[in-house]
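Residue-level structural notes
Read off the chains here:
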Amino acid sequence: MNDPGTDASGHRARLRKRLAEGGPDALLDHELVEYLLALAIPRRDTKPLARRLLAEFGSFGALLSADTEALSRAGGLSEGAVAAIKIAEAAALRLLRSKVVTAPVLSSSQALLDYLRADMAHRTIERVRVLHLNSGNMLIRDELVSEGSIDQAAVYVREVIRRAMDLGSAAIILVHNHPSGDPRPSKQDIALTREMAEAGRHFGIAVHDHLIVGAQGHSSLRALGLL
């Protein structure tokens, strides 16, 4: 009779070999999660747990973006397994962010979008950020300014412009997410963008764009002709 532990060990060895030889695309989403969890829960078959978590959270990105409380409520995860998931998220975000800070933001727009979508697209609450740029369009500060809803006046134009002046920013990019997944701008989004752009003009601070990210994609108010 086969030893279940030996079977699991052999299966993980095969996953490890595929990953080593084929890179990250060699494993399916549930296999990546399965192997990640196996590092934290070595004596358990983690395949059923990986499949259940992906089904419950909806996607690989949503699982990694989930907060620790949501992961703990999902059941079946030890503290170490929750930490492993959050470490994987942190490592991915750090890698994506490194591609943003080493080149002018406007000439590396895809790298910026990849980073923002990884960080914000699957959030369950609205998060608003301001990217501060110097005269060469290099990122000098990436600041979270509020969590909540723009509909509830979470962003204060004067405070954002004052902060830009304090930092010596030549330009800013507004960013927020839509937890609904639909990145289309609302009337409030458009009004806020235009108010921010008008305020910035008085102090020589350009508003390059307002980006909205969601699970279904992203919107650029400048590309839509709304800025």
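Anything mentioned here points back to the structure above.
Residues numbered from 1 in each chain as written. Predicted model: local features only at pLDDT ≥ 70, side-chain atom pairs only at ≥ 80, totals over all residues. Heavy atoms only, no water.

**Concerning helix α2 (residues 29-40)**
With 12 residues, α2 extends 17 Å from end C-alpha to end C-alpha; this agrees with the ideal 16 Å at 1.5 Å per step. Within α2, burial applies to H30, E31, V33, E34, Y35, L37 and A38. (Helix = DSSP H or I, 4+ residues; strand = E, 2+ residues; numbered from the N terminus. Expected span 1.5 Å × (residues − 1). Buried < 20%, exposed > 50% of the residue type's maximum accessible area, 1.4 Å probe, protein only.)

**Comments concerning the sheet that holds strand β5 (residues 217-220)**
Here we have 5 strands laid out as an open sheet, ordered β2-β1-β3-β4-β5, and mixed in their pairing. Across the chains shown, the open sheet's two edge strands, defined by having one partner strand only, are β2 (139-148) and β5. For this sheet the average axis-to-axis angle between neighbouring strands, irrespective of direction, equals 20°. Here strand β1 (residues 126-133) pairs with strand β3 (residues 171-177) via 6 bridges, running antiparallel. Among the inter-strand pairings, V130 is bridged to a residue of β3, identified as L174. Against the sheet, helix α9 (residues 187-202) engages β3 and β4 (206-214), with an angle of about 160° to β4. (Pairing = 2+ DSSP bridges. Axes fitted to C-alpha atoms, helices over the stretch in contact; angles between N-to-C directions. Contact = heavy atoms within 4.5 Å.)

**So, the side chain of R127**
Structurally, R127 can be placed in strand β1. Dropping the residues within four chain positions of it, R127 is found in contact with D119, M120, L144, S146, E147, V175, H176 and N177.

By themselves, these figures tell us nothing about what the structure is for.
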